[in-house]
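# Architecture at a glance
So you can see what is in the structure, the chains are spelled out below.
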Amino acid sequence: MLGKLVGTIVVAAAVLTAAPANAQIVDLSTIKCKDFVELPKDTVNAVTMWLDGYYTDEEDPAAVDFDKLKAKAEKLGAFCVQNPRMGLMTAAESVMSK
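Notes on the structure in this doc start here. Treat the numbers as computed from the prediction; the structure is a model and nothing was measured. (Residues numbered from 1 in each chain as written. Predicted model: local features only at pLDDT ≥ 70, side-chain atom pairs only at ≥ 80, totals over all residues. Heavy atoms only, no water.)

## A word on the layout of surface pockets
Its volume calculated, the largest pocket comes out at about 420 Å³. Along its surface, the largest pocket is lined by 16 residues, and Asp52, Thr56, Asp60, Ala63 and Lys72 are the ones closest to its centre. At the level of secondary structure, the elements contributing two or more residues to the lining of the largest pocket comprise helix H3 (41-54) and helix H4 (66-82). Of the residues that constitute the lining of the largest pocket, the class distribution is eight nonpolar, two polar and six charged. (1 Å grid on protein atoms, 1.4 Å probe; cavity = no way out; pocket = protein on both sides within 12 Å on 5 of 7 lines; lining within 4 Å. Points joined across faces, edges and corners; volume = space filled by probe spheres on them. Helix = DSSP H or I, 4+ residues; strand = E, 2+ residues; numbered from the N terminus. Nonpolar A, V, L, I, M, F, W, Y, C, P; charged D, E, K, R; others polar.)

## Concerning the nonpolar core
Ranked by internal contacts, the top residues of the largest apolar core, which has 17 residues, are Leu28, Phe36, Leu51, Leu76, Cys80, Leu88 and Met96. Looking at this core, the elements with two or more residues in it are helix H2 (33-38), H3, H4 and helix H5 (88-96). Ignoring anything within four residues of it in the chain, the contact list for leucine 28 reads Val47, Trp50, Leu51, Leu88 and Met89. (Core = buried A, V, L, I, M, F, W, Y, C linked by side-chain atoms within 4.5 Å. Buried < 20%, exposed > 50% of the residue type's maximum accessible area, 1.4 Å probe, protein only. Contact = heavy atoms within 4.5 Å.)

## Side note on the state of the cysteines
Inspection of the entire model under this criterion finds one disulfide. Here cysteine 33 connects covalently by a disulfide to cysteine 80, the sulfurs 2.3 Å from one another. In this structure, the disulfide formed by cysteine 33 and cysteine 80 twists by about -45° around the S-S bond and is classed as left-handed. Taken together, the positions of cysteine 33 in helix H2 and cysteine 80 in helix H4 put the pair 47 residues apart, joining distant regions of the chain. Of the two residues, cysteine 33 and cysteine 80, neither departs from the other in class, the shared state being buried. (Disulfide = S-S within 2.5 Å.)

This is the structure:
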């Protein structure tokens, strides 16, 4: 029993100390397309997922279509490469909104 408790404490401590080192904040209201395409792939994927949810209508089903999401991400990336100075939210609105 004591072993499990110590193991749990060690794992919890590792998770809590590692989280701040990996924490990243991306302010979508100020980021430009150039900055977006230069982000790490995992961050681009997370931002694209957030944007997809942001531009999804309330009446739409609560489902993630990964093929459509990938297509939107590619379209947004290509648009941003062509318009590096444009704000990401402006670009996303023209690409991802209905």
